[in-house]
Amino acid sequence: MLKQFFLLCSGADKNLLEGCSEGEQTKYVGIGATVFFTAIMAFIASSFALFTVFDNPYIAMGLGLVWGLLIFNLDRFIVSTIRKRDTFRSELLQASPRIVLAIIIAIVISKPLEIKIFEKEIGVILLKEKNEMA
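Residues numbered from 1 in each chain as written. Predicted model: local features only at pLDDT ≥ 70, side-chain atom pairs only at ≥ 80, totals over all residues. Heavy atoms only, no water.

**Q** Please clarify how the overall build of the chain should be interpreted in this entry.
**A** A count of helices and strands for the chain gives 6 helices and 0 strands. Secondary structure of the chain in N-to-C order comes out as α-α-α-α-α-α. Its C-alpha atoms give the chain a radius of gyration of 20 Å, more than 25% over the compact-globule value 14 Å for 134 residues. Considering the chain as a whole, with its 134 residues, one finds that 21% of them fall into the buried category. (Helix = DSSP H or I, 4+ residues; strand = E, 2+ residues; numbered from the N terminus. Rg over C-alpha atoms; globule rule 2.2 N^0.38 Å. Buried < 20%, exposed > 50% of the residue type's maximum accessible area, 1.4 Å probe, protein only.)

Here it is, written out as structure tokens:
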């Protein structure tokens, strides 16, 4: 059941994979799991970031779900269209949208987490600056 779900997430052709070796199927299950968990992390990070902005869990989770599904769809499309090329340069060019998407996701995930981790220190510095201005 979980294997079939991750194969769906990978965008692989299930009928074609049925005739392939177990190792090839496992590779695509791993790709699908990576796409799925990337979308989950994008959902969590964007929900947290939007909760800090709107202070409403329903709006934050709703928009976070939209963002997570968007990332899932984009990542699945990019992964399913990558093919083996003759040269490294053409493979790198083909993978560049996924690299850019990974950078965007990393920033979206890391910034809210960084703010939450250093929330107390940021609050102390803001209080000091507020006192200096007063």
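We are not done yet, so read on.
**Q** In this structure, what is going on with the layout of surface pockets? I would like to understand it.
**A** In this structure, the largest pocket spans a volume of roughly 280 Å³. For the largest pocket, the lining is made up of 13 residues, of which Ala12, Tyr28, Ser80, Ile82 and Arg83 are closest to its centre. (1 Å grid on protein atoms, 1.4 Å probe; cavity = no way out; pocket = protein on both sides within 12 Å on 5 of 7 lines; lining within 4 Å. Points joined across faces, edges and corners; volume = space filled by probe spheres on them.)

**Q** Explain a nonpolar patch on the surface here, please?
**A** The grouping of Leu113, Ile115, Ile117, Phe118, Ile122 and Leu126 at the surface amounts to a nonpolar patch, some 580 Å² of accessible area in total. With respect to the secondary-structure elements, Ile122 resides in helix H6 (residues 119-133). Classification of Ile122 as partly exposed rests on a relative accessible area of 36%. (Patch = residues over 30% accessible without salt bridge, like charges linked within 9 Å, V, L, I, M, F, W, Y side chains within 5 Å. Areas by Shrake-Rupley, 256 points an atom, 1.4 Å probe, with all protein chains shown as cover. Salt bridge = Lys/Arg side-chain N within 4 Å of Asp/Glu carboxyl O.)

**Q** Can you help me understand the packing of aromatic side chains in this one?
**A** Aromatic ring pairs: the centre-centre distance and the angle between the two ring planes describe each pair. Under the criterion given, the structure shown has 5 aromatic pairs. Pairing Phe6 with Phe36 gives two aromatic rings, centres 6.0 Å apart and planes at 55°, and the pair type is tilted. Of this pair, Phe6 sits in helix H1 (residues 2-10) while Phe36 sits in helix H3 (residues 22-54), placing them 30 residues apart in sequence. Judged by centre distance (6.1 Å) and plane angle (55°), the rings of Phe6 and Phe37 are tilted. Remark: Phe37 occurs in helix H3 and Phe6 occurs in helix H1; sequence separation between them is 31 residues. Under the relative-accessibility criterion, Phe6 is labelled buried at 9%. Taking relative accessible area as the criterion, Phe37 reaches 46% and is therefore assigned partly exposed. An aromatic cluster is defined as three or more aromatic residues linked by ring pairs; in this entry it consists of Phe5, Phe6, Phe36 and Phe37. (Phe/Tyr/Trp six-rings, centres within 6.5 Å; stacked < 30°, edge-to-face > 60°.)

**Q** How should I be thinking about the environment of Gln94 in this particular structure?
**A** Considering the arrangement of structural elements, one finds Gln94 in helix H5 (residues 88-117). By relative accessible area, which is 16% here, Gln94 ends up buried. Expressed as a C-alpha distance, the spacing of Gln94 and Glu119, which sit 25 residues apart in the sequence, is 39 Å. Excluding residues that lie within four positions of it along the chain, Gln94 makes contacts with Thr81, Ile82, Arg83 and Arg85. (Contact = heavy atoms within 4.5 Å.)

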